[in-house]
Amino acid sequence: MSLLTVQDLTIRFKTDEGLITAVEDVSFDIEPGEVLGLVGESGSGKSVTAKALMQLNGWNTVYDPASKIILHGDPDVDVLSLRRERDMLPIRGGQISMIFQEPMASFAPALTVGKQMVEQLQIHTKMSKAQAKELSIEMLDRVGITEPARRFDQYVFEYSGGMRQRAMIAMALTTKPRLLIADEPTTALDVTIQRQVIDLMKELITDFGMSILFITHDLGVIAQTADRVAVMYLGRILEKGPVRDVLRTPAHAYTRGLLNALPDLDNLDAPLTPIPGDIPSPLERPAGCVFHTRNAELAPGSRYETEVPPMSEVRPGHFAALFPEDV
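Nothing here was measured: the structure is a model prediction, and the numbers come from that model. Every chain is numbered on its own, with residues counted from 1 as its sequence reads. Local features in this predicted model are restricted to residues of pLDDT 70 or higher, and side-chain atom pairs are both shown and tallied only at a pLDDT of 80 or more, whereas totals for entire chains, interfaces and linings draw on every residue. The side-chain quantities take in all heavy atoms of the structure and omit both hydrogens and water.

### Focus on unusual backbone geometry
- The residue after Asp-74, namely Pro-75, is reached through a cis peptide bond having omega 5 degrees.
- Runs of H or I in DSSP of at least four residues are treated as helices and runs of E of at least two as strands, each being numbered from the N terminus. By secondary structure assignment, the location of Pro-75 is in the loop between strand E5 (68–71) and strand E6 (77–78).
- At Asp-8, a position not held by glycine, the phi torsion is positive, near 50 degrees.
- Secondary-structure assignment places Asp-8 in strand E1 (residues 4–15).
- Phi is positive for Asp-25, close to 50 degrees, though the residue is something other than glycine.

In structure tokens:
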């Protein structure tokens, strides 16, 4: 049985211009012990989707009544049906934890890292302060921070970039969540630290048996970390499936465009091939397939310009937003 099921998720935001659609009819599952990669350009709706799993989007968020986020367990819980903060407490930071792209924005600068770790443990567990401190130091050590007892009493500005990211991972893991959401956790790091963080997350999956929703725009990182991948564009998932299938034999033009835009290390003189045009404003969402305005492969007058294609199975477990005759 799946750990988490997202079904027909549609998210809109109230603005001065009216309701703006940020995510539309998104569905996916995350299995126990699985890494699901969520990729796409900036503005595609990846972070909005992830925050919805913990109801972390802003006050002006409107979830469509048909949207469901089911956290499977005993019993199953529809996260979007929870209205009170105290009802969300076991979910947010308990069963689901999140690490962000920029740790400096996530840790309070006026409190030591250790104080913040202890505080969140006392909120989500019945540990004493001494027990929470012991576990926090143990977890800092587990993620590779040297002299964890000393670092426990330091402030986040005293940490290097890589150490901050590790401390955030340690803090997220102290409650032993079933699902860890990693929102571009390696983007602000240099490549050697990226490698260390990726290796650390792989180890944690094995040791803790958790699942990870890994959000990034870096297909190279996804190739190294994910079991399955979902490709988002302008709030819709256009392709999803096993990571090797999707990256080796992409079925959708958008996925091919992302892959073609990567540098070719075997031919450094080859020009980069960008996807033509710009991602449209959410205020001007195209009719039909949201990617049709930038899809150079489409013939004029294609039905993709007016009709929304279904998610069709390309091969077992591999789906793309294509009409059946194009699969």
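### With respect to the pairing of strand E3 (residues 35–39)
- Of all five residues in E3, five are buried; the element is thus mostly enclosed.
- Where E3 lies against strand E9 (residues 211–216), five bridges are found, and the strand directions are parallel. Bridge pairing in E9 places Leu-38 opposite Ile-215.
- A pair of strands is labelled paired if DSSP reports no fewer than 2 bridges between them. Relative to strand E10 (residues 228–233), E3 is paired through four bridges, and the arrangement is parallel. Within the sheet, the bridge partner assigned to Leu-38 lies in E10 and is Ala-230. Any residue under 20% of the maximum accessible area for its type is buried, any over 50% is exposed, and the rest in between are partly exposed; the area is computed with a 1.4 Å probe on protein chains only.

### A few points about helix H10 (residues 253–260)
- Those residues of H10 that sit buried are Ala-253, Tyr-254, Thr-255, Gly-257 and Leu-258.
- Elements that come into contact with the buried residues of H10 comprise helix H8 (219–225), E10, strand E11 (236–242) and helix H9 (243–248). When checking whether two residues touch, look at their non-hydrogen atoms; a contact exists if any pair is within 4.5 Å.

### Regarding the nonpolar core
- In this structure, Ile-169, Met-201 and Ile-212 are the most contacted members of the largest nonpolar core, which totals 62 residues.
- By residue number, the principal contributor to this core is helix H6 (residues 161–173), which donates eight residues.
- In terms of domain composition, this core takes at least three residues from each of domain 1 (4–95 + 177–326) and domain 2 (96–176).
- Residues within four places of Ile-169 in sequence aside, it is in contact with Ile-99, Val-143, Val-197, Leu-200, Met-201 and Leu-204.
- Nine residue types can take part in a nonpolar core, namely buried Ala, Val, Leu, Ile, Met, Phe, Trp, Tyr and Cys, and a core is a set of them joined through side-chain atoms within 4.5 Å. Ranked by size, the runner-up nonpolar core spans 34 residues in total, among them Leu-38, Ala-52, Leu-53 and Met-98. Segmentation into domains, and thus their bounds, comes from an automatic or database assignment.

### Details of the domain arrangement of the chain
- When its domains are assigned, the chain resolves into domain 1 (4–95 + 177–326) and domain 2 (96–176).
- Distance from the C-alpha centre of domain 1 to the C-alpha centre of domain 2: 28 Å.
- Counting residues at the interface gives 33 residues for domain 1 and 21 residues for domain 2.
- Once two parts are put together, the accessible area they lose, assessed with a 1.4 Å probe and summed over both, is termed the buried area. Carbon and sulfur atoms make up 68% of the area that domain 1 and domain 2 hide from each other, which totals about 2,400 Å².
- Looking only at domain 1, the three residues that lose the most surface to domain 2 are Pro-177, Leu-200 and Phe-208, adding up to 22% of its buried area.
- For this analysis, a salt bridge means a side-chain nitrogen from Lys or Arg found within 4 Å of a carboxyl oxygen belonging to Asp or Glu. Counting every contact that joins domain 1 to domain 2 gives two salt bridges.

### What to know about the packing of aromatic side chains
- Only the six-membered ring of Trp is used, alongside the rings of Phe and Tyr, when aromatic pairs are assigned; centres must lie within 6.5 Å, and planes under 30 degrees apart are stacked while those over 60 apart are edge-to-face, with the rest tilted. Under the counting rule described, the total for this entry stands at five aromatic pairs.
- Where Tyr-233 meets Phe-291, the ring centres are 5.2 Å apart and the plane angle is 85 degrees; that geometry is what we call edge-to-face. Here Tyr-233, found in strand E10, pairs with Phe-291, found in the loop between H10 and strand E12 (311–315); they are 58 residues apart in sequence, far enough to count as distant. Just as Tyr-233 is buried, Phe-291 falls in that class too.
- The rings of Tyr-233, Tyr-254 and Phe-291 are connected pair by pair, giving a single aromatic cluster.
- When the NZ atom of lysine or the CZ atom of arginine is within 6 Å of a ring's centre and also within 35 degrees of its normal, the charge is said to sit over that ring. Directly above the ring of Phe-323 sits Arg-303, whose terminal nitrogen or CZ lies 3.7 Å from the centroid.

### Notes on helix H4 (residues 129–142)
- For H4, spanning 14 residues, the distance from its first C-alpha to its last is 20 Å, which sits close to the expected 20 Å at 1.5 Å a residue.
- Among all positions in H4, only Ala-132, Leu-135, Ser-136, Ile-137, Met-139 and Leu-140 are buried.
- Buried residues along H4 sit in contact with helix H3 (113–124), helix H5 (148–152), H6 and helix H7 (191–208).
- At the exit of H4 stands Gly-144, carrying a positive phi of roughly 95 degrees. One fewer than the residue count of a helix, multiplied by 1.5 Å, yields its expected span.

### Re the packing of H3 against H6
- Every axis in this analysis is a line fitted to C-alpha atoms, fitted for helices over the stretch in contact. Angles between the N-to-C directions lie between 0 and 180 degrees. With their axes 9 Å apart at the nearest point, H3 and H6 run at an angle of 20 degrees to one another. Classified by the interaxial angle, the pair formed by H3 and H6 is roughly parallel. When you trace H3 past H6, the crossing you get is right-handed. Together, Val-113, Gln-116, Met-117 and Gln-120 of H3 and Ala-167, Ala-170 and Met-171 of H6 make up the contact between the two elements. Should an angle fall under 35 degrees it is taken as roughly parallel, and over 145 as roughly antiparallel, whereas 65 to 115 is taken as roughly perpendicular and any remaining angle as oblique. Crossings are sorted by hand: turned counterclockwise from the far helix by less than a right angle, the near helix makes the crossing left-handed, and turned clockwise it makes it right-handed.

### Considerations on the environment of Met-168
- In this structure, Met-168 sits in helix H6.
- You can call Met-168 buried: its relative accessible area is 5%.

### Here we look at the sheet that holds E9
- Spatially, eight strands are ordered E7-E8-E9-E3-E10-E11-E13-E12 in an open sheet, and the strand pairing comes out mixed. Two strands lie at the open edges of the sheet, namely strand E7 (96–99) and E12, each paired on one side alone. Taken over all neighbouring pairs, the strand axes of this sheet differ in orientation by 20 degrees on average, direction set aside.
- The sheet strands contacting H6 are E7 and strand E8 (179–183), and the helix crosses E7 at an angle near 175 degrees.
- The sheet contacts of H7 involve E3, E7, E8 and E9, and relative to E9 the element is tilted by about 160 degrees.

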